[in-house]
Amino acid sequence: MSAALCYGLVLGPAFAALLGLPMRAHRGPSVLIALLGSTISLGCAIGLVVATWAGASTASIALLGALDLGSRTISLDFSLTPLTALVALAVSAVTWCVQLYSAGYLVPHTGDTGPLRYAPYASTISLFSAAMLVTVGADDLLLLLLGWEVMGFCSYLLIGHHSERPAARRAALQAFLVTKLADVGFVVGIVALYALAGTTNIPGVIDTATQAVPAGQTGQTGQDGTLLAVAALGLLIGVAGKSAQFPFHVWLPDAMEGPTPVSALIHAATMVAAGVVVLVRLGVVLDASATARAVLAVVAVVSMLAAGIAALCADDLKRVLAWSTVSQIAVMLSAVSLGTPAGRAGAMALMLAHAAFKALLFLSAGMIATRFETTKLAELSDLRRRDPLATVLLGIGLAGLAGLPPLAGFIGKEGVLTAAEHVAGHPDPPAWLGVAVFAGLTLTSLLTALYAGRLFGAVSRLDRPEESLTRSSRPAAQTTSLPAAEPTPSSDVASTPGAPMASAPPPQPSPELAAPAHPVPPSPAGSPTSVRPSPAEVDAARTSEKVRGTETDDSGQATGSVWPAQRGPSFVQPRASAPEPARDREREESMSF
């Protein structure tokens, strides 16, 4: 039974990727195939979790058979453990949500300039999730490397999905080159482990590392100790590149050029979280090298603090979330650097919590970007009134990110803090590791709360109608647009200041009202003529504007709003990205009568 579930877990999305790719001209079948593959994977993951909770023992299940290399045979098997079952459930659940969300997200919108290419997009997501599941459950280092590299290739395709945009092409190429550069170290680490253990089977490598370094001893010298140190440092380089840690952090914020559901998949359940899973599974190798753990702790603390500061300064919703991912992954890696079972358990708990609230945050950001066509924080004010659902979902995700109890983010971070506090009170592992991780996580938690609160405050701030009118009106306008009067032999408004206007009462207007203080530019043919209104016209304008929901002063200028919800399209769906002259023309048309 467990074998069948493992087959369905990996092969479901893999076959969906193969079957959906030829459906370029048929969107409906592509959606069904993608959802079917992710649903099969999710159902199998749930079955595996239930099986492991019911007491199923750790098993090695043949997945791709054996690879005969002549002198030796490599078994490409899948390892079923409680850890792999839980991570597989998180990956499958997020993938299912992303596939379902993408079916409604990747549809034609007004202003789209490039092709949608839904079938390749959905197939790549399916292949992406299958590669992550292989990485999570691989029982052999070569199978793990295969899934690791396929993930990197899929991320390149998904980040550059909108290849008609130069920024998307640059971001995809940058992500590919940076991660491939770091993967050189990952391959060196695997080669060192093979030289040490004489096998690429992960249980065999762990047994060899345990025998080479007795329990409670680290920093061994000699050939075995050197190989373990090289292997651990090589794996750390690969993990730092894939998880966007310092100094390989540059690619992840720019990867926001991809579709928003892709960001949810990369940040929540695949790619950046894969390194944490690998280091937890190969924890014995990392524990054997005090140098590697010290390097990992320093890199993690620097990354979490620097990324927290960058998120606090970012002015774009998606970039804030990207920097927060760098920071939260660094927290998980710092827990792994402690070298204790409690630290690794805290890292995995935080990873599972992060998968949930980061997927929610990015999918909420997709809702906002689709409706308002921007993710700039300055243009998303008043979101609480304009889109209450997105505001609520965003608030829940930010609360989990900040670690507010009783949400899962609080439980994960509390586990890491407890493990760091325990290490700080013992000489072995080095106490300074615990102190550094504890201090770094404390400061990072403060920064996380600050930028999460700033983000929510920026998008949920209520604008006063007067401020909204002030931003959209001319700062020094002194005239009111009036439609051109019908020309008559006895009346010429433009050339005879003392003549009565067509709609004005008989009394003569004063010279101050008849002649504008500043020259009025000539109006094009057929457009309204701008003149200074008479007092009676100002009263008429005020009455007309009250009916439409705005108030005017004695000069005919708008001063406020009586019923803000009825001010028209410019208030219901403001487009802050529109140029100022366009908004001025819109204001003039609403003031004309």
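Residues numbered from 1 in each chain as written. Predicted model: local features only at pLDDT ≥ 70, side-chain atom pairs only at ≥ 80, totals over all residues. Heavy atoms only, no water.

## Quick word on the overall build of the chain
- Within the chain one finds 24 helices and 6 strands.
- Carbon and sulfur atoms make up 67% of the accessible area of the chain, which amounts to about 25,500 Å² in all. (Helix = DSSP H or I, 4+ residues; strand = E, 2+ residues; numbered from the N terminus. Areas by Shrake-Rupley, 256 points an atom, 1.4 Å probe, with all protein chains shown as cover.)

## Some points on the packing of helix 2 (residues 27-53) against helix 4 (residues 118-137)
- Relative to each other, helix 2 and helix 4 sit at 15 degrees, their axes nearing to 9 Å. When the interaxial angle is binned, helix 2 and helix 4 end up roughly parallel. With respect to the hand of their crossing, helix 2 and helix 4 are arranged in left-handed fashion. Residues Arg-27, Ser-30, Val-31, Ala-34 and Ser-41 of helix 2 form the contact with helix 4, whose own contacting residues are Tyr-118, Ala-119, Ala-122, Ser-126 and Leu-133.
- Along the lines of polarity and charge, the residues of the contact of helix 2 with helix 4 split into 6 nonpolar, 3 polar and 1 charged. (Axes fitted to C-alpha atoms, helices over the stretch in contact; angles between N-to-C directions. Parallel < 35°, antiparallel > 145°, perpendicular 65-115°, else oblique. Left-handed = near helix turned anticlockwise from the far one by under 90°. Contact = heavy atoms within 4.5 Å. Nonpolar A, V, L, I, M, F, W, Y, C, P; charged D, E, K, R; others polar.)

## A word on the packing of helix 15 (residues 341-372) against helix 18 (residues 408-424)
- The interhelical angle for the contact between helix 15 and helix 18, taken along N-to-C directions, is 160 degrees, at an axis separation of 8 Å. Comparing the axis directions of helix 15 and helix 18 gives the class roughly antiparallel. Seen from above, helix 15 lies across helix 18 with left-handed handedness. Taking contact as the criterion, the partners of Ala-342, Gly-343, Gly-346, Ala-347, Ala-349, Leu-350, Ala-353 and Phe-357 in helix 15 are, on helix 18, Ala-408, Gly-409, Gly-412, Lys-413, Gly-415, Val-416 and Ala-419.

## Description of helix 6 (residues 166-197)
- For helix 6, with 32 residues, the first-to-last C-alpha span of 46 Å sits near the 46 Å given by 1.5 Å per residue.
- Positive backbone phi, approximately 75 degrees, marks Gly-198, located one or two places after helix 6. (Expected span 1.5 Å × (residues − 1).)

## Things to note about the pairing of strand 1 (residues 59-68)
- Alignment of strand 1 against strand 2 (residues 73-80), held across 7 bridges, turns out to be antiparallel. In the sheet register, Ala-66 faces strand 2, and the bridge partner there is Ser-75.
- Linking strand 1 back to strand 2 in an antiparallel pair, the connection comprises 4 residues, with Gly-70 at a positive phi of about 90 degrees. (Pairing = 2+ DSSP bridges.)

## Let's talk about the pattern of salt bridges
- Scanning the entire structure with this criterion turns up 8 salt bridges.
- Measuring nitrogen to oxygen at the nearest pair gives 3.2 Å for the salt bridge that ties Asp-183 to Lys-180. With Asp-183 and Lys-180 both in helix 6 and 3 residues apart, the pair spans about one turn of that helix. Take Asp-183 and Lys-180: they sit in the same class, and that class is buried.
- With a shortest N-O distance of 3.8 Å, Asp-387 and Arg-371 are connected by a salt bridge. A residue pair is termed long-range when its members are at least 10 positions apart, and Asp-387 in the loop between helix 16 (383-386) and helix 17 (388-402) and Arg-371 in helix 15 qualify at 16 residues.
- Looking at Arg-371, the relative accessible area reads 37%, which means it is partly exposed.
- The network of salt bridges with shared partners includes Glu-149, Lys-180, Asp-183 and Lys-242. (Salt bridge = Lys/Arg side-chain N within 4 Å of Asp/Glu carboxyl O. Buried < 20%, exposed > 50% of the residue type's maximum accessible area, 1.4 Å probe, protein only.)

## Remarks on unusual backbone geometry
- The omega torsion across Phe-246 and Pro-247 is 5 degrees, close enough to zero to call that bond cis.
- Here Pro-247 lies in the loop between helix 8 (222-242) and helix 9 (251-254).
- In this structure, the amide linkage connecting Pro-405 to the following residue, Pro-406, adopts the cis form with an omega of 5 degrees.
- One non-glycine residue, Glu-373, adopts positive backbone phi at about 60 degrees.
- One can find Glu-373 in the loop between helix 15 and helix 16.
- According to the relative accessible area criterion, Glu-373 is exposed, its value standing at 52%.

## Overview of empty space enclosed by the protein
- Scanning all chains against the criterion turns up 1 cavity of 30 Å³ or more.
- Taken together, Ala-16, Gly-20, Ser-30, Ile-33, Ala-34, Ala-119, Ala-122, Ser-123 and Ser-126 form the lining of the largest cavity.
- Those elements giving two or more residues to the lining of the largest cavity turn out to be helix 1 (2-20), helix 2 and helix 4.
- It is helix 4 that provides the largest number of residues to the lining of the largest cavity, a total of 4 residues. (1 Å grid on protein atoms, 1.4 Å probe; cavity = no way out; pocket = protein on both sides within 12 Å on 5 of 7 lines; lining within 4 Å. Points joined across faces, edges and corners; volume = space filled by probe spheres on them.)

## Digging into the confidence of the model for the chain
- Here the chain shows a mean pLDDT of 78. Residues at 70 or above account for 73%.
- Considering only residues more than four positions removed or in separate chains, one finds that residues 586-593, a stretch of pLDDT under 50, has 26 contacts. (pLDDT = per-residue confidence, 0-100.)

## Comments concerning the packing of aromatic side chains
- Overall, the coordinates contain 4 aromatic pairs when judged by the stated rule.
- Taking 5.3 Å as the distance between ring centres and 55 degrees as the angle between the ring planes, the aromatic pair formed by Tyr-156 and Phe-176 counts as tilted. One end of the pair, Tyr-156, is in helix 5 (residues 141-159); the other, Phe-176, is in helix 6, with 20 residues separating them in the sequence. (Phe/Tyr/Trp six-rings, centres within 6.5 Å; stacked < 30°, edge-to-face > 60°.)

## Things to note about the nonpolar core
- Judged by nonpolar contacts, the single largest core of 143 residues is most densely connected at Leu-9 and Trp-251.
- Leu-338, Ala-420, Val-423 and Val-437 belong to the second largest nonpolar core, which has 5 residues in total. (Core = buried A, V, L, I, M, F, W, Y, C linked by side-chain atoms within 4.5 Å.)

## Digging into helix 4
- Taking 1.5 Å of rise per residue, 20 residues should cover 28 Å, and helix 4 covers 29 Å from first to last C-alpha, within 8% of that figure.
- Where burial is concerned, most of helix 4 is hidden: 19 out of the 20 residues are buried.

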